[in-house]
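Now for the letters of each chain:
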Amino acid sequence: MSGILDVPKPRINCSLLSQYISRPVCFVGRVEKVHPTGKTFTVSDGEGKIATVELNEPLGEELSGIVEVIGMVSNKGAIMATTYNMLREDKGIPFDLELYNEALKVIHDFPQHYPFEVAASG
């Protein structure tokens, strides 16, 4: 069986979480709050809605700004993270989450042009 990093993952926002239960996803959002244990944090999407991210191990670094999370959506609608990457906002150019959210809408409105479920070639 392929690992989560080896399969196509749709990019989603909070509104789409319930449609992807038990499936791998990619979620980009702004870190809002990190739990004191470091094992969960919340992120907001481009619409200001909040999602919870759960980790297997406590964070080993300070987490802030924009983060890309790859993981599985749990039955509770939380994202069980396999990995995450902080997206640096270099050169004073902020990441536009609202614009990113608009791009997600286009991708999901026209799936024939953005096929996520295609098997990885190899």
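In case you missed it, the structure is sitting above this.
Below you will find a few notes about this structure. As the structure is a computational prediction, the values presented were derived from the model and not from experiment.

## Some points on the overall build of the protein chain
So, point 1. Summing up its helical and strand segments, the protein chain has one helix and six strands in all.
So, point 2. Secondary structure elements of the protein chain occur, N-terminal to C-terminal, as β-β-β-β-β-β-α.
So, point 3. Rg of the C-alpha trace for the protein chain: 14 Å, near the compact-globule value of 14 Å for 122 residues, within the 12% margin.
So, point 4. Dimensions of the protein chain, computed from C-alpha atoms along their principal axes, come out at roughly 40 × 35 × 30 Å.
So, point 5. Across the 122 residues in the protein chain, those meeting the buried criterion constitute 38%.
So, point 6. The long-range fraction of contacts in the protein chain, counting pairs at least 24 apart against all pairs at least 6 apart in sequence, stands at 53%.
So, point 7. Surface summary for the protein chain: the accessible area is close to 7400 Å², and the carbon and sulfur share equals 53%.
So, point 8. Charge separation in the protein chain, taken as the distance between the mean sites of 11 positive and 16 negative side-chain charges, equals 3 Å.

## What about unusual backbone geometry?
So, point 1. Positioned with a positive phi, S22 is a non-glycine residue whose angle comes to about 65°.
So, point 2. Summarising the element assignment, S22 is placed in the loop between β1 (11–12) and β2 (24–34).
So, point 3. Overall, S22 belongs to the partly exposed group, its relative accessible area being 47%.

## Topic: the pattern of salt bridges
So, point 1. Tallied over the full model, the rule gives five salt bridges.
So, point 2. One salt bridge in this structure joins E47 and K105, with 3.6 Å as the shortest N-O distance. Residue E47 is found in the loop between β3 (40–44) and β4 (50–54), and its partner K105 is found in helix α1 (residues 97–109); the two are separated by 58 residues along the sequence.
So, point 3. We note a salt bridge from K105 to E102, for which the minimum N-O separation is 3.4 Å. Residue K105 and its partner E102 are both found in helix α1; the two are separated by three residues, about one turn of the helix.

## Regarding the packing of aromatic side chains
So, point 1. Applying the stated rule across the entire model yields two aromatic pairs.
So, point 2. Seen from their ring centres, F95 and Y100 are 5.7 Å apart, and the 50° between their planes marks the pair as tilted.
So, point 3. According to the relative accessible area criterion, F95 is partly exposed, its value standing at 27%.

Quick notes on the rules
- Along every chain, residues carry numbers that run from 1 in the direction the sequence is written.
- Selection of residues for local features in this predicted model requires a pLDDT of at least 70, selection of side-chain atom pairs for listing and counting requires 80 or more, and totals for whole chains, interfaces and linings are taken over all residues.
- Side-chain metrics rest on all non-hydrogen atoms present in the structure, leaving aside hydrogens and water.
- Secondary structure counts use DSSP, requiring at least four H or I residues in a row for a helix and at least two E residues in a row for a strand, with both numbered from the N terminus.
- Note on method: radius of gyration uses C-alpha positions; expected globular size equals 2.2 Å times residues raised to 0.38.
- Exposure is judged per residue with a 1.4 Å probe applied to protein chains only, and the accessible area is read against the type maximum: over 50% gives exposed, under 20% gives buried, and values in between give partly exposed.
- Whether two residues touch is decided by their heavy atoms; if any such pair falls within 4.5 Å, the residues are in contact.
- Only the protein chains shown count as cover for residues, with accessible areas throughout obtained via the Shrake-Rupley method and a probe of 1.4 Å.
- The charged-residue count follows a simple rule in which Lys and Arg add positive charge and Asp and Glu add negative charge, with His and chain termini not counted at all.
- Every charge is mapped to an atom, namely NZ of Lys, CZ of Arg, CG of Asp or CD of Glu.
- In the sections that follow, a salt bridge refers to a side-chain nitrogen of Lys or Arg positioned within 4 Å of a carboxyl oxygen of Asp or Glu.
- The pairing test for Phe, Tyr and Trp rings, Trp by its six-membered ring, is centres within 6.5 Å, and the orientation test on the planes gives stacked under 30 degrees, edge-to-face over 60, and tilted for anything in between.

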